[in-house]
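Remarks on the overall topology
For reference, the chains in residue letters:
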Amino acid sequence: MLQIKNLHATVDGNEILRGIDLEVGAGEVHAIMGPNGSGKSTLARVLAGHPDYEVTAGSVTYRGLDLLEMEPEVRACEGIFLAFQYPVEIPGVNNAYFLKAAVNSIRKYRGLPEYDAMEFLAIVKDKIKLLGMDQTLMQRPVNDGFSGGEKKRNEIFQMSVLEPTLAVLDETDSGLDIDALRVVAEGVNSLRSPERSTIVITHYQRLLNYIEPDFVHVLSEGRIVRSGGRELALELEAKGYTWIESDRSAAELAVV
Amino acid sequence: MSTAVTSIEELATQDYKYGFVTDIEQETIPKGLSEDVIRVISAKKNEPEWMLEWRLKAYRKWLTMEEPNWHNVHYPPIDYQEIIFYAAPKPQKKLNSLDEVDPEVLATFNKLGISLDEQMRLSGVAVDAVFDSVSVATTFKDKLAEMGIIFCSFSEAVQNHPDLVREYLGSVVPYSDNYFATLNCAVFTDGSFCFVPKGVRCPMELSTYFRINAANSGQFERTLLIADEGATVSYLEGCTAPMRDENQLHAAVVELVAMKGATIKYSTVQNWYPGDKNGKGGIYNFVTKRGKCAGDNSKITWTQVETGSAITWKYPSCILQGDNSVGEFYSVAVTNNMQQADTGTKMIHLGKNTRSTIVSKGISAGKGQNTYRGLVKINRGATGARNYSQCDSLLIGDRCGAHTFPYIEVRNKTATVEHEASTSKIGEDQIFYCKQRGLSGEDAVNLIVNGFCKEVFRELPMEFAVEAQKLLGVSLEGSVG
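Residues numbered from 1 in each chain as written. Chains lettered and ligands numbered in written order. Predicted model: local features only at pLDDT ≥ 70, side-chain atom pairs only at ≥ 80, totals over all residues. Heavy atoms only, no water.

Focus on the overall build of chain A
Condition: Helix and strand assignments come from DSSP, with helices taken as H or I runs of at least 4 residues and strands as E runs of at least 2, each series counted from the N terminus. Taken over C-alpha atoms, the radius of gyration is set against a globule rule of 2.2 Å times the number of residues to the power 0.38. Categorising residues by exposure relies on relative accessible area from a 1.4 Å probe, with only protein chains included: less than 20% of the type maximum marks a residue as buried, more than 50% marks it as exposed, and the intermediate range marks it as partly exposed. In what follows, a contact means two residues having at least one pair of non-hydrogen atoms within 4.5 Å.
Along its length, chain A carries eight helices and twelve strands. The C-alpha atoms of chain A give a radius of gyration of 19 Å, which matches the 18 Å a tight globule of 256 residues would have. Projecting the C-alpha coordinates of chain A onto the three principal axes gives extents of approximately 65 × 40 × 35 Å. Burial status across chain A gives 52% buried among its 256 residues. The contacts of chain A with a sequence gap of at least 6 include a subset with a gap of at least 24, amounting to 69%.

Details of the interface of chain B and chain A
Cut-off, in case you're wondering: Throughout, buried area stands for the accessible area (probe radius 1.4 Å) lost by two parts on being put together, summed over both. Any Lys or Arg side-chain nitrogen found within 4 Å of a carboxyl oxygen on Asp or Glu counts as a salt bridge. Three classes are used, and their members are as follows: Ala, Val, Leu, Ile, Met, Phe, Trp, Tyr, Cys and Pro are nonpolar, Asp, Glu, Lys and Arg are charged, and the others, Gly among them, are polar.
Listed as interface residues are 18 residues of chain B and, on the opposing side, 33 residues of chain A. When chain B packs against chain A, close to 2100 Å² is buried across both sides, 63% of that on carbon and sulfur atoms. When the area that chain B buries against chain A is broken down by residue, the three leading residues are F432, Y433 and R437 of chain B, summing to 37%. Our count for the contact surface shared by chain B and chain A stands at one salt bridge. Here E155 of chain A and R437 of chain B are joined by a salt bridge, their closest N and O atoms 2.6 Å apart. At the level of elements, α10 (428–436) and α11 (441–457) of chain B are the ones that each hand at least two residues to the side of chain B that touches chain A. When the residues that make up the side of chain B that touches chain A are grouped by side-chain class, the tally is seven nonpolar, seven polar and four charged.

Notes on the pairing of strand β4 (residues 53–62) of chain A
Residue and element names in this part refer to chain A. Let me state the cut-off plainly: In short, DSSP must find at least two bridges between two strands for them to pair.
By the bridge criterion, eight bridges tie strand β1 (residues 2–11) to β4 in an arrangement that is antiparallel. Each residue of the ladder has a partner; that of L2, found in β4, is Y62. Pairing of β4 with strand β5 (residues 65–66) involves two bridges; the strand directions are antiparallel. Each bridged residue has a counterpart across the sheet, and for T61 the counterpart in β5 is D66. Adjacent in sequence and paired antiparallel, β4 and β5 are bridged by two residues, among which R63 carries a positive phi angle near 45°.

Observations concerning the sheet that holds strand β2 (residues 14–24) of chain A
Residues and elements named next belong to chain A. Threshold: Between N-to-C directions, angles cover 0 to 180 degrees, with each direction set by a line fitted to C-alpha atoms, over the stretch in contact for helices.
Spatial strand order, β2-β1-β4-β5: four strands in an open sheet with antiparallel pairing. Across the chains shown, the open sheet's two edge strands, defined by having one partner strand only, are β2 and β5. Its contacts with the sheet place helix α1 (residues 40–48) against β1, β2 and β4, and it is angled at close to 105° to β1.

Points about the sheet that holds strand β9 (residues 166–170) of chain A
Paired through backbone hydrogen bonds, the strands of a sheet run either parallel or antiparallel to each other. Residue and element names in this part refer to chain A. Overall, mixed pairing links the six strands, which are arranged β6-β9-β10-β3-β11-β12 in an open sheet. Every other strand in the sheet has two partners, leaving β6 (80–83) and β12 (223–228) as the edge strands with one partner each. Put simply, the sheet's adjacent strands are angled 20° from each other on average, direction ignored. Bridge count for strand β11 (residues 215–220) against β12 is five bridges, and the pairing is antiparallel. When the sheet's bridge partners are listed, H217 is paired in β12 with S227. On the sheet, helix α5 (residues 148–162) packs against β6 and β9 and is oriented at approximately 170° with respect to β6.

Some thoughts on α10 of chain B
Of all nine residues in α10 of chain B, eight are buried, a share of seventy percent or more. Remark: G438 of chain B follows α10 of chain B within two positions and exhibits a positive phi of approximately 100°.

So, in structure tokens, the structure goes:
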């Protein structure tokens, strides 16, 4: 599904990613954890093609395609979805209308007929019910005046309608109460299938109680310093990120 | 952020798809302006003496006036002696039906999507087509006449309905009103005339389509629209011009009169050639539009979508004279590249319980400069008057400008005046968000801009709302990467 090799990326001349290697297979859920400033969100944005980030070395292959060569909207049309950490507000643009435009743009790219309003509504209705979303959110402008929790729910709602092949969730759990957290997890879990993969970026172990990852990676200073199974997240929670940090400096000392 | 800004700059190009020139035989008079020129124009139109006198009176007044300079637009001085004041497709003979209109002219209107004979067959819209300075065809005239509605070119009205023209011409915009309007009074060549009699609800949209074709010519058309007691009419004008390197002057006057209980809805989709991206060429659109709610309970609504012209200078206004009369102004003005717009409205409250609404949406991209200028005036007798104004500006990129000059004068204690304003910018983060959901940069801008303009588009007649959305897309093409 996704192969990241020796990925380096900078923003405003500062190197944030310093050689990421990661392989995500079809149907897998990977959790990426790490302290603040370790490069988690940068990785998410680089995968989505954010213009502020420059890739200086390395490669990313997505379903056999050179991802870094693709425009952000092409990546989206090829099935990559980023649930934003801070979803932007688009005043004046109706939430349902926005999502319909997105769905149809992707369908057009794939050579599928576009949905008319009625077909779209039918699809949306099911998803709303599934996620226990507030119906009125559909008629409000995109994220405009939404609470933090509503914005995150809206991201997950969009994800469940767009049905991506690779979903990247950038700290979708931060600032959520337990109910919202459950909605997010249900959204992710309902999309789980042998053809889809998910990268869950999170600071806390908490979300992983609801979304069971196949692999856990720890990011520190722009590199993956440790990979393991579910138990790694629990260990991290118990020992804290300083454990990784001290581990790292010890390793570096040993090299010297 | 820096790379994102560069991409905006790089892609700030624009396509003007109406920029073709039609090759037809033209009849023009030598350039320049004098009493003789006015006499020639008047004679060509076979006008009665009073019409000529009115023109000359305006011309003499104009000579004493100075070009206004209070507006927030900049352009080199206009040499009025270099302008051709009359240009018309050479008439073969008197036209009796569409079949006799020069096929080249008909082809031009077809190309613009204004198929005149199509319009004849399909119901819905009656069109008066003005090519350069003269009206070439008016559709549905007979059908409208059955209901007593007069819809014809201004020249025909002068010939066939001189009493009506004489009574109302200059009754809303006097001949001495302002520099450009006074010039128009002296040299106007044609335009549309409409009279809807008492109690008649006009069954279709009336539309005038203006096309400037000839080089170096000015277009000075005049529209006069009267809705008698209890009458209702919806009117739309559209405008395009070829791409030329030099600037062309367009100074029109529109007068609306709404009698007791009458309703007039006047919508404009203005898409004159805006000039190229370096500011070369384009139309100077200096227009005076004003409506008078003369009778009680009358209503006038101006809706405008202004995407073209190098410079736009217009303030469609309402004089709310009748008690309980209503004035509305809904505007979307777009300036891209080097375009400048200074536009807004005046709401003059004279009668009791008069109400006005102003919704202005300014969009600036490229190096465009967009100014809203509005006056809300509540006179002493306007007890219980209300106004609500909303001025929103949207900026695309970081080299454009938005300016707002609201003037409020209140002379009656019972008045309620509200003003709201906002300025926002299409952010790179918004564009990226849309792209991440699969939309192209242009679709993203269109979506955001259309969302921004929604309240105004809602006021346009259905088929034109769709047109306006498309037009907006074309006008802002390439403004964001």
